[in-house]
Amino acid sequence: MMEQYELKILAVEDEPQVRDMICGILREAGYQAVLGAESCAEARRLYQEVRPDCVLLDVMLPDGDGFGLMGELRRERDVPTLFLSARDADEDRLRGLGLGADDYIVKPFLPAELVLRVGAVLKRSYASALTAERGEILRLGDTVVDWDSGTVRNARGIQHLTAKEHAILRRLADQRGKIVTIDALCRAGWGENFFGYENTLMVHLRRLRAKIEEDPSKPKWLLTQRGLGYKLAREDGT
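Residues numbered from 1 in each chain as written. Predicted model: local features only at pLDDT ≥ 70, side-chain atom pairs only at ≥ 80, totals over all residues. Heavy atoms only, no water.

1. Concerning unusual backbone geometry
Heads up, the rule is: Secondary structure elements are taken from DSSP: a helix is a run of H or I of four residues or more, a strand is a run of E of two residues or more, and numbering for both begins at the N terminus.
Here lysine 107 and proline 108 are connected by a cis peptide whose omega angle stands at -5°. Of note, proline 108 is situated in the loop between strand E7 (103–106) and helix H5 (111–125).

Put into structure tokens, the structure is as follows:
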């Protein structure tokens with residue numbers, strides 16, 4: 001079974017002392033793989049090489065800003081992202097959260113606060129993966145979803161689910177054959193503060209269909225129930 005503390009965390013902060021402090025706090029809390037980056041350029045490199053499961057971003061960086069960097073990183077792969085910034089203006093917080101960040105923490109912060117808020121985001125984002133039994137799979141005809149590895153295998157090869165896709169698909173699978181409301185799916189992906197994510201949910205559902213459906217334009221498994229929500233069809237089509 002995957003453990004929360006096995007997840008890899010990338011902390012992007014240009015101040016060496018602050019970066020070392022953040023990494024030290026998380027390592028002391030039990031996280032086994034915490035890496036630091038001092039710039040956008042180094043963050044991009046580590047994001048590709050290490051494939052972290054979570055990113056902590058400063059807003060002000062020497063070669064760019066955290067808002068723009070988050071957009072770049074998420075175009076490549078969608079992982080939970082928290083901002084750590086001395087900029088506590090409401091407009092900055094709202095901008096970060098509006099861009100899809102999972103949390104916005106204002107410096108200075110207590111070590112316990114950092115650990116609790118990072119842990120909450122990780123548990124929310126990887127709830128299904130953290131509780132899935134090793135080897136547990138979902139079968140959709142010739143497509144096999146492996147919950148533990150977060151992969152989709154079919155005639156097109158092997159594709160990886162993002163954290164949000166994993167959580168949304170798991171919620172549908174838990175209620176297979178039943179309608180799951182849009183609010184319930186948003187809650188699965190973004191927790192209790194899910195309001196305003198309906199359009200983003202549609203994007204994730206389109207990406208899921210591209211991975212699990214033979215013809216995404218004519219879905220067989222991930223079905224829209226107009227005015228109600230969505231459901232994952234059983235093998236018998238119900």
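2. Points about the sheet that holds strand E14 (residues 229–232)
Short version of the rule: The criterion for strand pairing is that DSSP finds at least two bridges linking the strands in question. Any two residues whose heavy atoms approach within 4.5 Å at even a single point are treated as in contact. Orientation is described by axes fitted as lines to C-alpha atoms, over the contacting stretch for helices, and by angles from 0 to 180 degrees between their N-to-C directions.
Strand order in the open sheet formed by 3 strands is E12-E14-E13, and the pairing between neighbours is antiparallel. Lying at the two open borders of the sheet, with one neighbouring strand each, are strand E12 (180–181) and strand E13 (222–225). Both E13 and E14 contribute to a ladder of 4 bridges, which runs antiparallel. Looking at E14, one finds that leucine 222 is bridged to leucine 232. Along the sheet, helix H7 (residues 163–174) contacts E12, E13 and E14; its crossing angle with E14, the most-contacted strand, is approximately 75°. Where helix H9 (residues 198–212) meets the sheet, it contacts E13 and E14, and its direction lies at approximately 140° from that of E13.

3. A look at the pairing of strand E6 (residues 81–85)
We apply this condition: To sort residues, take the accessible area from a 1.4 Å probe on protein chains only and compare it with the maximum for the residue type: under 20% means buried, over 50% means exposed, and anything in between is partly exposed.
With 5 of 5 residues buried, E6 lies mostly within the body of the structure. Side chains Thr81, Phe83 and Ser85 project from E6 onto one buried face, and the interleaved Leu82 and Leu84 project onto a second face that is buried too. When strand E3 (residues 54–57) meets E6, the two strands line up parallel, connected through 3 bridges. Its bridge partner being in E6, leucine 56 is matched across the sheet by leucine 82. Pairing analysis gives 4 bridges linking E6 to E7, with the strands arranged parallel. What sits directly across from phenylalanine 83, in E7, is tyrosine 104.

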